[in-house]
2 protein chains.
Amino acid sequence: MYDVCPNQNDAYFVLDGVQIRTVCASIKDAHRDDIVLFTFDMPYNFSGVYTLTECPAAPVIRCKNIDSISETTRGLVVNSGNANACTSSQGLDDIEYILEPLASHYKINTSDFLMCSTGVIGERLPVDNIRDALSKITQQSQSQTFHDAAKAIMTTDTYDKCIRKTFTINEQEFTLIAIAKGAGMIAPNMATMLSFIFTDFQIPRSMHRNILVQSVEKSFNLITVDGDTSTNDTVLLFSPPEKENTQYNAHDIETFTNTLDVVNKTLAKMIIMDAEGARKFIRVRVENAQSYEQAKKIALSIANSPLCKTAIAGEDANWGRIFMAIGKANAGIVHDKISLYIGDVLVAENGHVAPHYIETDLDTYMKNKEITLTVNLALGQHNIEVLTSDLNEQYIAINADYRS
Amino acid sequence: MYDVCPNQNDAYFVLDGVQIRTVCASIKDAHRDDIVLFTFDMPYNFSGVYTLTECPAAPVIRCKNIDSISETTRGLVVNSGNANACTSSQGLDDIEYILEPLASHYKINTSDFLMCSTGVIGERLPVDNIRDALSKITQQSQSQTFHDAAKAIMTTDTYDKCIRKTFTINEQEFTLIAIAKGAGMIAPNMATMLSFIFTDFQIPRSMHRNILVQSVEKSFNLITVDGDTSTNDTVLLFSPPEKENTQYNAHDIETFTNTLDVVNKTLAKMIIMDAEGARKFIRVRVENAQSYEQAKKIALSIANSPLCKTAIAGEDANWGRIFMAIGKANAGIVHDKISLYIGDVLVAENGHVAPHYIETDLDTYMKNKEITLTVNLALGQHNIEVLTSDLNEQYIAINADYRS
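Here is a short report on the structure shown in this document. (Residues numbered from 1 in each chain as written. Chains lettered and ligands numbered in written order. Predicted model: local features only at pLDDT ≥ 70, side-chain atom pairs only at ≥ 80, totals over all residues. Heavy atoms only, no water.)

**Comments concerning the interface of chain A and chain B**
Part 1: At the junction of the two partners, chain A supplies 53 residues and chain B supplies 53 residues.
Part 2: Between chain A and chain B, a total of about 4300 Å² is buried, with carbon and sulfur atoms accounting for 56% of that surface.
Part 3: Taken together, the links from chain A to chain B amount to zero salt bridges.
Part 4: Along the contact surface separating chain A from chain B lie 12 residue pairs in polar contact (both at pLDDT 80 or more).
Part 5: Among the secondary structure elements, those contributing two or more residues to the side of chain A that touches chain B are α8 (306-313), α9 (319-328), β13 (352-353) and α10 (393-400) of chain A.
Part 6: For the side of chain A that touches chain B, the element with the highest residue contribution is α9(A), accounting for eight residues.
Part 7: Taken together, the residues of the side of chain A that touches chain B break down into 21 nonpolar, 22 polar and 10 charged. (Contact = heavy atoms within 4.5 Å. Buried area = accessible area lost by both parts, 1.4 Å probe. Salt bridge = Lys/Arg side-chain N within 4 Å of Asp/Glu carboxyl O. Polar contact = N/O pair within 3.5 Å; in protein donor to acceptor, adjacent residues only side chain to side chain. Helix = DSSP H or I, 4+ residues; strand = E, 2+ residues; numbered from the N terminus. Nonpolar A, V, L, I, M, F, W, Y, C, P; charged D, E, K, R; others polar.)

Structure, rendered in structure tokens:
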């Protein structure tokens, strides 16, 4: 429905040092590739940010383990169609079984490969299918593109999410390419999303994790579809090892982190625009909060409120429901200080309807595909913007029938 | 859709000492009574439990004020169709203006009357309409029934919620009658609901509030429709003043509180059964939790999860989503200890699918109107049951169009 995916030539969506191969293992569908294998020509540095759920899926448990003991990896396997979640120790054994022939082919350990999964929760992976499929693709000589990879990790996504951006440091051009899958369940901390970010820039190892964590907080952690949190959310950042004689200064690093932020925010926006059944793209801005946490709490309370989201689906400027969501956040607001804009229209100030506001002022605006709500708390100087989508009968249809 | 409302003769739904009059003030609809006036023949004891929102409506602010300084009241006015919320000090002034002629008619103060409102947020009450309507009904000699009152406070409710129960203490028969309005937004602490409970039993003043608070925690605070919290939720308990020579012992009080619990739980169930667009009535039981708080956190996380609620709407035993909701509650569970029953069928144990579970076992069960989910945490001895409804396209239709 939206065309935010940069319509660039597929040939640009490759990166020196990263091999990409996709294959169909018929996990849910015999007619599309549902496995992607990334391999690196040398050990790449990596960092991950993972779901905060107390029921993490087997691949998340395993990634976190490896992440805590190793700084590098030689590759990544991702499957769609099955989350390998709620599969207990069997799920962990299955990953080992799947990766064994792969590791032996490359003459490395299974722990040199990461694995991520997305799809239905609670079912065992079809391990032999996947193992066979992986054996097959290791024979393929031709590397594919990140667009192919982005397609292979889709579940209820309606289009693949892939973005490429170049940047220049010390007169050298570098590239950042990232892919993601999203759809429902995108909050409050990532959720039902996978994102894999690759660059040929040698991120200093000491800053690797911090750079990723900070960028995720500004992007994937500020989007929400339904307030549900997945068992499988994972964001991984990969980069080549540092060269011995290269030193980057603070400005160089900033050039990289700025590019990373743009890429992650764009992917986050693409995820929301493709949220299950979404017809409206909603920006919830909370301004002049006492703290970042207060701003975030209120913005997420509005963005996750079924009553606010259905009102917007119905193109109804029902601003009272926004105050309802502000009030329930329990974030220490002062009701009579709050003003609210819908688009550019001042709807409420000092906690009640603005004197010159007439509802018909918003009749045209509410029909827009993109709606911006701005809440001014008048308590401090912290601002935030959370992205979400409307809640309409399409969401219900998709989620009531997801498995059938 | 459900017939839980006891189909008793209207004549039973009256209580000595309580006068009831309803009238149409054309707040939203010129063809139905939208105001109810309760008056007591003498000052009645009362206690209230109110919404926890930080944006309470004017009537809630005022009730809480009066509640904090006075133990008694002479009457209650309730209107539907307009919540008098987000109306700032104007909203408080409007209540005084509405109650003035009433107070003067009965030769008491406006503060001797409570007022509650429910309906659209953010619009001013049509004060003159309501004032005129109230003047009119004070002239009516005939008192009406609690059924009439229950009808007048409905908003998107599809039937009136009214229940009557008698109990015997010291060989004397007493009556408890309660009415409620509900529909959407019923959680996590009451929400979009009003309930008024009346009895001819002289509840000892020293226990009045405590009895109400404890009963609300066991009933209205354990139901949820969409996780939204209203600006107007109020539960009020009214009883005649204590007689000088009457003493009740602990057993007598227990007889009363047990009756109160049954009444409130029944009303809570009626609210959920009439939740906006609901087709399924869902019991979420969490058993063997470490604490009551842990059990409640997990039960509400499941009951509020759009993904769990749409799965049940789609008659899909998608138990993975229940684990998703358990995991996101962040309540200190041990994943591998958890077992899950849907109805009587053991679906998962030790955190993963039960060995003998076949999904077709649940094909028939999922078509039921009433669905019970039982999560056993195997951590302690605390149990809870939360009631909720499914999330289907009817909820969307009602809430996208609520004001039009």
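**Digging into helix α7 (residues 292-303) of chain A**
Part 1: Here α7(A) is 12 residues long and its end C-alpha atoms lie 16 Å apart, about the 16 Å a rise of 1.5 Å per residue gives.
Part 2: Turning to α7(A), its buried residues are Q294(A), A295(A), K296(A), I298(A), A299(A), L300(A), S301(A), I302(A) and A303(A). (Expected span 1.5 Å × (residues − 1). Buried < 20%, exposed > 50% of the residue type's maximum accessible area, 1.4 Å probe, protein only.)

**Topic: the relation of the copies chain A and chain B**
Part 1: With an axial shift of 0.0 Å and an RMSD of 0.0 Å, the rotation relating chain A to chain B amounts to 180 degrees. What we have between these two chains is a two-fold relation. Distance from the rotation axis, computed per C-alpha, reaches its smallest value in chain A at E393(A): 2.4 Å.
Part 2: Taken as a fraction of all interface residues of chain A, those also at the interface in chain B reach 100%, which identifies the copy contact as same-surface. (Least-squares fit on C-alpha atoms with pLDDT ≥ 70 in both.)

**A word on the sheet that holds strand β10 (residues 281-289) of chain B**
All names here are of chain B.
Part 1: Across the sheet, seven strands lie side by side as β8-β15-β10-β14-β11-β12-β13; this open sheet has mixed pairing. Looking along the sheet, the strands with just one partner apiece sit at the ends: β8 (223-224) and β13 (352-353).
Part 2: Bridge count for β8 against strand β15 (residues 382-389) is two bridges, and the pairing is parallel. Paired with I223 across the strands is L387, a residue of β15. (Pairing = 2+ DSSP bridges.)

**Describing the sheet that holds strand β15 (residues 382-389) of chain A**
Working definition: the strands of a sheet are paired by backbone hydrogen bonds and lie parallel or antiparallel to each other.
All names here are of chain A.
Part 1: Reading across from one edge, β8-β15-β10-β14-β11-β12-β13 is the order of the seven strands in this open sheet, with mixed pairing throughout. Both outer strands of the open sheet, β8 (223-224) and β13, are each paired with one neighbouring strand and no more.
Part 2: Inspection of the sheet shows strand β10 (residues 281-289) paired to β15 by seven bridges, in the antiparallel sense. Residue pairing for β15: R285 is matched across the bridge by E385.

**What about α8(A)?**
All names here are of chain A.
Part 1: Along α8, seven of the eight residues are buried, which leaves the element largely enclosed by surrounding structure.
Part 2: Burial in α8 covers these residues: P306, L307, C308, K309, T310, A311 and I312.
Part 3: E315 lies just past α8 and shows a positive phi near 55 degrees.

**Brief notes about the packing of aromatic side chains**
Part 1: For the coordinates displayed, the defined rule picks out 34 aromatic pairs over all chains.
Part 2: Ring geometry for F201(B) against Y248(B): centres 4.6 Å apart, planes inclined by 50 degrees, an arrangement best described as tilted. Linking F201(B) in the loop between β7 (194-199) and α5 (205-218) with Y248(B) in the loop between β9 (234-239) and α6 (250-273), this pair joins segments that are 47 residues apart in sequence. Residues F201(B) and Y248(B) agree in their burial class; the two are buried.
Part 3: An aromatic cluster is built from F38(A), F40(A), Y44(A), F46(A), F146(A), F196(A), F198(A) and F238(A), whose rings are joined through pairwise contacts.
Part 4: It is K161(A) that lies over the ring of Y159(A); its NZ or CZ is 4.5 Å from the centre.
Part 5: If you follow R131(B) out to its NZ or CZ, it ends over the ring of Y97(B), 4.1 Å from the centre. (Phe/Tyr/Trp six-rings, centres within 6.5 Å; stacked < 30°, edge-to-face > 60°. Lys NZ or Arg CZ within 6 Å of the ring centre and 35° of its normal.)

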